[in-house]
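Coordinate inspection notes
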Amino acid sequence: MEFGLFTEFASPPGVSDAAAFDESLGQMKAAEDLGFDAVWLAEIHFQKDRSVLASPLVIAAALAAGTRRVKIGIAVQVSKGRLEFGVGRSGLPGHYQGFNIPYSESRDRFLETLDILTKAWRQERFSHQGKYFQFQDVCIMPKPFQKPHPPIRIAATTPETYPLVGQLGRPG
């Protein structure tokens, strides 16, 4: 069993953005010192009084550079195999409205994006012709440190999503 710390980088009213970042980064580093196995970073948009964490990849890179052992829940090369890639489809329609995406499309977009991501990680070059996204003979660089890709952790709250956890949750 692994123990981890999950954070949204809380931004309560009256606290500066800088103070919110400092507080949460300190908590993440303390998690490693206390023996936690992983730290997980949420991605929150359009909710100023809830979170300052709109770019978890940037924070994951900072954590990877400032820690040595703890697994980090977002993809970056500098973590050298400690990445745990966590994804989830928000159940809050407001998270989609800010990007001008109808909530009714969220599940299909989520599944198509996971398909694209695993193709990009597993194949040197790939093409994709989907309902929402089209790519022809493209590649991503750098590829993840873990091969063929880091473990994918999927947040699941409905019976329709549970099979994805077993299907995509392993790199093999």
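Everything numeric in this text was worked out from a predicted model, so none of it was measured. (Residues numbered from 1 in each chain as written. Predicted model: local features only at pLDDT ≥ 70, side-chain atom pairs only at ≥ 80, totals over all residues. Heavy atoms only, no water.)

1. Some points on the side chain of Glu112
Convention followed: Secondary structure follows DSSP: runs of H or I at least 4 residues long count as helices, runs of E at least 2 residues long count as strands, and numbering of each begins at the N terminus. Each residue is assigned to one of three classes by its accessible area relative to the maximum for its type, calculated with a 1.4 Å probe on protein chains only: buried under 20%, partly exposed between the two thresholds, exposed over 50%. None of His or the chain ends enter the tally, which takes Lys and Arg as positive and Asp and Glu as negative. We define a salt bridge as a contact between a side-chain nitrogen of Lys or Arg and a carboxyl oxygen of Asp or Glu at a distance within 4 Å.
Relative to the assigned elements, Glu112 resides in helix H4 (residues 106-122). The side chain of Glu112 sits in the buried core without any salt bridge; Arg109 is the nearest counter-charge, 7.4 Å away.

2. Comments concerning the environment of Leu53
Put simply, the rule reads: The contact definition used throughout considers only heavy atoms, calling two residues in contact when any of these lie within 4.5 Å.
Mapped onto the fold, Leu53 is located in the loop between strand S2 (38-41) and helix H2 (56-66). The class for Leu53 is buried, based on a relative accessible area of 1%. Between the alpha carbons of Leu53 and Glu8 there is a distance of 6.2 Å; along the sequence they are 45 residues apart. When residues no more than four places from it in sequence are discounted, the contact partners of Leu53 are Thr7, Glu8, Phe9, Leu41, Ala42, Glu43, Ile44 and Ile59.

3. With respect to the packing of helix H1 (residues 17-33) against H2
What counts here: For helices, the fitted line uses only the C-alpha atoms of the stretch in contact; every axis is such a line through C-alpha atoms, and the angle between N-to-C directions lies from 0 to 180 degrees. Orientation is classified from the angle alone, with under 35 degrees giving roughly parallel, over 145 giving roughly antiparallel, 65 to 115 giving roughly perpendicular, and any other angle giving oblique. The hand of a helix crossing depends on one turn: near helix anticlockwise from the far one by less than a right angle means left-handed, and clockwise means right-handed. Under this grouping Gly is polar, as are all residues other than the nonpolar Ala, Val, Leu, Ile, Met, Phe, Trp, Tyr, Cys and Pro and the charged Asp, Glu, Lys and Arg.
Running from N to C, H1 and H2 cross one another at 45°; their axes reach a closest spacing of 11 Å. Relative to H2, the element H1 lies oblique. With respect to the hand of their crossing, H1 and H2 are arranged in right-handed fashion. Residue-level contacts link Phe21, Leu25, Met28 and Lys29 of H1 to Ile59, Leu63 and Gly66 of H2. Among the residues forming the contact of H1 with H2, the class breakdown is five nonpolar, one polar and one charged.

4. Let's talk about the pattern of salt bridges
Tallied over the full model, the rule gives seven salt bridges. Among the salt bridges present, the one from Arg50 reaches Glu8, with a minimum N-O distance of 2.6 Å. Note that Arg50 is positioned in the loop between S2 and H2 and Glu8 in the loop between strand S1 (4-7) and H1, a separation of 42 residues in sequence. By relative accessible area, which is 31% here, Arg50 ends up partly exposed.

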